[in-house]
Amino acid sequence: MTAALPTRADVLAAADRLRGQVVRTPVVRCAALDRAAGAELWLKAESLQTIGAFKARGALNALAQLPPEVRARGVITYSSGNHAQAVAMAALRHGVTAEIFMPVDAPRIKADAVRAMGARVIPVGTTSLERHEAALARQRETGAAIIEPFDHAHTIAGQGTATLELLEDAVAAGVVLDALVVPVGGGGLIAGACLAVGESGVAIHGVEPVGCDSMGQSLARGEVTAVGPGPTIADGLKPTRVGQLPFAIARAHLAGCHTVDDAELGAAVAALAIQAKLVVEPSGAAGVALALRGLPGSPRRVGVILSGGNIAPERLAELVVAHGRAR
């Protein structure tokens, strides 16, 4: 890929562009989770963001920078759910059409939310590669712009504003974070986090579901590496491969990339609901799952991005019942 890497300046510009367009989500503290993790957890609740996930940031930043004549032709994207909702919302705000290629097994709550915002949902396959190919074919037919879910400078810069806000709020509280934990799907969120952190010295850790560890395998091999992916309850963290731009950024900044299993994800969802009173989907709870296990070096103050909260009520109840008894 020849596209130029985004910079911290792009994240700062995105923050200015998004001011008043997205929610400045709170940083939540929970003494019970601190005790369980053996560290101070500074939880950036993007589960409370517009459309219930950080993806609103990247979609709005990317769509806003399309030339008007391009935007008028409508937009297309491919997503398992949260980015789909984000693009549908951004298109609605700009008064343009949106076509969203989603997996055939996408959670109904996410597909219904996309349709509710006026976008057309097109079910295709079960992998991001299948959806991407279908989106490219549709783009050739219509000339609409594709809003990439993670492998684009504008998307990455927008996602980086979540970490930027977390760091600003920590500084305002007189706190310097030792580490940051970020869920990894396609890599846009963690790439943006790397840019936002810059040279501050905060150790950045990625976390992926077992069997869906494209970033971890890519870092180990020194090149973008595809995975199955394997089955996981974290439906938002299942791209077959991380993006080229996110990988190029992450490999220069990450302190490590780790995996968590479904039991750990379910326990984190339950702990967040019971202890912190936060509704967080399994993908969004991945950072807490890792923090509860413990990070290398035992950092004292840990920022955690809770990337999304779009979970079906029955699924949330199931996980709370299954994992809440042990708490």
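Comments concerning the overall build of the protein chain
Within the protein chain one finds 14 helices and 10 strands. Computed over its C-alpha atoms, the radius of gyration of the protein chain comes to 18 Å, within 12% of the 20 Å expected for a compact globule of 327 residues. Principal axes of the C-alpha set define a box for the protein chain whose edges measure 55 × 40 × 40 Å. For the protein chain, restricting intrachain contacts to residue pairs at least 6 apart in sequence, the fraction spanning at least 24 positions comes to 71%. Total accessible area computed for the protein chain in this model is approximately 12,500 Å², and 52% of it derives from carbon and sulfur atoms. Averaging the locations of the 30 positively and 29 negatively charged side chains of the protein chain gives two centres separated by 3 Å.

Brief notes about the sheet that holds strand 2 (residues 40-45)
The sheet built from six strands is open, its strands ordered 1-2-10-7-8-9 with mixed pairing. Lying at the two open borders of the sheet, with one neighbouring strand each, are strand 1 (27-28) and strand 9 (254-260).

Digging into the side chain of Thr161
Within the fold, Thr161 resides in helix 8 (residues 153-172). Within polar-contact distance, the side chain of Thr161 engages the side chain of Arg57 at 2.9 Å. Once you skip the residues sitting within four places of it in the chain, Thr161 turns out to touch Val11, Ala14, Ala15, Leu18 and Arg57.

Quick look at the sheet that holds strand 3 (residues 75-78)
Pairing is parallel across the open sheet formed by four strands, whose spatial order is 5-4-3-6. Both outer strands of the open sheet, strand 5 (120-123) and strand 6 (145-146), are each paired with one neighbouring strand and no more. Inspection of the sheet shows strand 4 (residues 98-102) paired to strand 5 by four bridges, in the parallel sense. By the bridge assignment, Glu99 is partnered in strand 5 with Arg120. Most of the contacts of helix 7 (residues 128-142) go to strand 3, to which it runs at about 165 degrees, and overall it touches strand 3, strand 4, strand 5 and strand 6.

Each value, and the rule that gives it
- Residues numbered from 1 in each chain as written.
- Predicted model: local features only at pLDDT ≥ 70, side-chain atom pairs only at ≥ 80, totals over all residues.
- Heavy atoms only, no water.
- Helix = DSSP H or I, 4+ residues; strand = E, 2+ residues; numbered from the N terminus.
- Rg over C-alpha atoms; globule rule 2.2 N^0.38 Å.
- Contact = heavy atoms within 4.5 Å.
- Areas by Shrake-Rupley, 256 points an atom, 1.4 Å probe, with all protein chains shown as cover.
- Lys, Arg positive; Asp, Glu negative; His and termini not counted.
- Charge placed at Lys NZ, Arg CZ, Asp CG, Glu CD.
- Pairing = 2+ DSSP bridges.
- Polar contact = N/O pair within 3.5 Å; in protein donor to acceptor, adjacent residues only side chain to side chain.
- Axes fitted to C-alpha atoms, helices over the stretch in contact; angles between N-to-C directions.

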